[in-house]
Amino acid sequence: MRRRPFLRASAGGVLALTASAGIASSADPVRADSFEPLGRVAVDGAAEAVVGDDGDTAYLAATDGFATVDIADPAEPTVLAEERGLGDDGRPMIEVLDVAVDGDRLAVVGPANVQSDDVFHGFVVYDVSDPAAPEPTIDPYETGYHIHNCFLEGDHLFVVANSEDDHALVIFDIADDVAELGRWSLLEREPEWAELHWIARYNHDVYVQDEIAYLAHWNPGTYLIDVEDPTDPTYVSHVRETDLDRQRERSDEDARLGLPGNDHYAAVDETGDLLAVGREAWAVEGGEPDAPGGIDLYDASDPAAPERRATIDPPRADDETHGAGRWTTAHNFELRNDRLYSSWYRGGVRIHDVSDPADPVEVAAWSDRKETAFWTTRVAEPGETFVASSTGLLPNADLEGALYTFPVEDDRGDAGEDGADSIPGFTAVGALGAGALALEAVRRRCTERS
């Protein structure tokens, strides 16, 4: 694993946001019918999607299990296998909303939220060297707590462990059997956050790169944790857009659902120098800001002192409350090759050029709010294709789970003018305007590979 040296912050260091941070436009660009997904395949219960190292297989959490999908020909994605009805000792494994893959191993975790004792709480690890025939490599491992999200790197499985009394990052060794190696807890370091409703301080997600774990900790912010020694995880720094005093003044519902805060997902680019933090939020009529959450970009070249550079605003909806099911808030994303590939539920998928983090430029977008609610975007073949999973799990929304494949034209042209969000289709602004040619080029390259 590539290592990047960094400086440790002092134990009390809180990072200030820069006043000069840029703000990206929230307007949707003009839609173009000639730009559409390359392919689509239905996957019941679809949630998170990840892509294998070879770029030919996608793995989807599927609520009551998982599915593997052949994407070698992105014009014809095909389900290879579906493993449903997981569990142990007669207890079902439900609410499987996250999976993680590394090499030939796939981790499947759940349930994503608190459930009764007759539900299996824990994880299963599969050998997916043959994606069409996944095989468990260890017995189902009972944790005793729900697992919302995880990250797999080599022999280490990182999970978020939440209860009303604690919010921890837990690191397991899964080389042969399962052994807990270490843990880090927000409330051990900053016990004052225990004053908030427990979901308002939730450890929602974990991403790991270059011996640093990035924890999206809802209102307390996003924490950078040194995991070089997995038996002794150590605080490095954190970023946040709110503070405890402001959160104390809010109702429990506002603190859980509305901005400011709501750090939901965080990840870095290949260098580790660019950090993105997505904020999942809804309108709560609790005062400004009262809108869906966007994505903040930080210069993290010094992990001990990240500095905010810009905010990418979300698409908007006519009813932005949680219960309406018209969600357009930020969800999961990936940074790759100076591009941010992002999902916004019914707001669609978007690509931003983030080569200048202070001035992100939207270069492509696609949405069909009547049919899709995108959970994540993941690069399959750099410069050629990416995938996005659409979920049917939103409230008051009649949608079908599916995996979509999209073309990428890796050109660094300027963006065009913004306009109306009216026609579903893949948006290409600037050099992406040669849509039909780009689509055909991707199909041709995929044919040559097969």
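For the structure, check the block above.
Reading the values: the criteria
- Residues numbered from 1 in each chain as written.
- Predicted model: local features only at pLDDT ≥ 70, side-chain atom pairs only at ≥ 80, totals over all residues.
- Heavy atoms only, no water.
- Helix = DSSP H or I, 4+ residues; strand = E, 2+ residues; numbered from the N terminus.
- Buried < 20%, exposed > 50% of the residue type's maximum accessible area, 1.4 Å probe, protein only.
- Contact = heavy atoms within 4.5 Å.
- Areas by Shrake-Rupley, 256 points an atom, 1.4 Å probe, with all protein chains shown as cover.
- Phe/Tyr/Trp six-rings, centres within 6.5 Å; stacked < 30°, edge-to-face > 60°.
- Lys NZ or Arg CZ within 6 Å of the ring centre and 35° of its normal.
- Polar contact = N/O pair within 3.5 Å; in protein donor to acceptor, adjacent residues only side chain to side chain.
- Pairing = 2+ DSSP bridges.
- Axes fitted to C-alpha atoms, helices over the stretch in contact; angles between N-to-C directions.
- Salt bridge = Lys/Arg side-chain N within 4 Å of Asp/Glu carboxyl O.
- Core = buried A, V, L, I, M, F, W, Y, C linked by side-chain atoms within 4.5 Å.

> Is there a simple way to explain the overall build of the protein in this structure?
Within the protein one finds four helices and 33 strands. Counting across all 450 residues of the protein, residues that qualify as buried make up 58%. A sequence separation of at least 24 residues applies to 56% of the contacts in the protein between residues at least 6 apart. Accessible surface for the protein amounts to roughly 17100 Å². Of this, 44% is attributable to carbon and sulfur atoms.

> In this structure, what is going on with the packing of aromatic side chains? I would like to understand it.
Tallying each qualifying case throughout the model produces 20 aromatic pairs. Ring centres of F374 and F406 lie 6.1 Å apart, and the angle between their planes is 65°; on these two criteria the pair is classed as edge-to-face. Of this pair, F374 sits in strand β30 (residues 374-381) while F406 sits in strand β32 (residues 402-407), and the two are 32 residues apart along the sequence. Note on F374: relative accessible area 0%, which makes it buried. Aromatic side chains Y404 and F406 sit 6.4 Å apart centroid to centroid with 25° between the ring planes, which places their arrangement in the stacked category. Assessed through its relative accessible area of 7%, Y404 is described here as buried. One aromatic cluster is present, built from ring pairs that chain together Y341, W366, F374, F386, Y404 and F406. When the ring centre of Y235 is taken as origin, the NZ or CZ atom of R189, which lies over that ring, is 3.4 Å away. Taking the ring centre of W344 as reference, the NZ or CZ of R350 above it sits at 4.9 Å.

> Can you walk me through the environment of E190 in this structure?
Considering the arrangement of structural elements, one finds E190 in the loop between α1 (186-189) and β18 (205-209). For the pair E190 and P220, spaced 30 residues apart in sequence, the C-alpha separation works out to 9.4 Å. In this structure E190 touches Y223, H238 and R240, once residues within four positions along its chain are discounted. Looking at E190, its side chain comes within polar contact range of the side chain of R189, at 2.5 Å.

> Any chance you could explain the sheet that holds strand β15 (residues 156-162) here in plain terms?
Sheet strands pair via backbone hydrogen bonds, and the direction of the pair is either parallel or antiparallel. Pairing is antiparallel in the open sheet, where four strands are placed in the order β14-β15-β16-β17. This sheet does not close on itself; its edge strands, each paired only once, are β14 (147-153) and β17 (179-185). Averaged over all pairs of adjacent strands, the angle between strand axes in this sheet comes to 20°, irrespective of strand direction. Looking at chain direction, strand β16 (residues 167-173) and β17 are connected through six bridges and run antiparallel. Residue I171 lies in a different strand from β17, and its bridge partner there is G182.

> Whenever I open this one, the sheet that holds β18 confuses me. Can you help?
Across the sheet, four strands lie side by side as β18-β19-β20-β21; this open sheet has antiparallel pairing. Strand pairing shows two members of the sheet lacking a second neighbour, β18 and β21 (234-239), which therefore form its edges. Sheet twist, expressed as the mean angle between neighbouring strand axes with direction ignored, is 20°. For β18 and strand β19 (residues 212-216), the ladder comprises five bridges, and the chain directions are antiparallel. Bridged to V206 within β19 is L215.

> Please explain the pattern of salt bridges as it appears in this structure.
Pairing of side chains with opposite charge becomes possible as their charged atoms draw close. By the definition in use, this model includes 23 salt bridges. Among the salt bridges present, the one from R316 reaches E320, with a minimum N-O distance of 2.6 Å. Across the pair R339 and D353 runs a salt bridge, and its minimum N-O distance is 3.3 Å. Here D353 lies in strand β28 (residues 349-353) and R339 lies in strand β27 (residues 339-343), a separation of 14 residues in the sequence. Judged by relative accessible area, R339 falls into the buried class, the value being 2%. Beyond isolated ion pairs, a larger network of salt bridges with shared partners links E241, D263, R279, D296 and R308.

> Help me understand the nonpolar core in this model?
Note on soluble globular proteins: their nonpolar side chains tend to be buried together. Counting residues in hydrophobic clusters, the biggest one holds 46 residues, and the most contacted among them are V206, L275 and I295. Aside from chain neighbours lying at most four places away, what touches I295 is A276, V277, G278, A310, T311, I312, A330, F333, L340, S342 and W344. Core analysis: the second largest hydrophobic core is formed by 28 residues, V96, L106, Y126 and V284 among them.

> What am I meant to see in the pairing of strand β26 (residues 333-336) here?
Looking along a regular strand, one sees side chains alternate from face to face of the sheet. As paired strands, β26 and β27 are joined by four bridges and run antiparallel to one another. Looking at β27, one finds that R336 is bridged to R339. The turn joining β26 and β27, which pair antiparallel and follow one another in sequence, is formed by two residues; a positive phi near 55° is taken by N337.

> Got a minute to help me understand the pairing of β30 in this structure?
With respect to burial, β30 is a largely interior element, seven of its eight residues being buried. The pairing of β30 with strand β31 (residues 385-390) spans six bridges and is antiparallel. Bridge pairing in β31 links V379 to F386. Here β30 folds back onto β31, and the loop between the two strands holds three residues, one of which, G383, carries a positive phi near 80°.

> Would you mind going over the side chain of S390 with me for this structure?
Among the secondary structure elements, S390 is positioned in strand β31. A polar side-chain atom of S390 sits 2.9 Å from the main-chain amide nitrogen of A373. In this view, S390 contacts A46, E371, T372, A373, F374, E400, G401, A402 and Y404; residues no more than four positions away in its chain are not counted.

No statement about biological role is implied by the geometric values presented.
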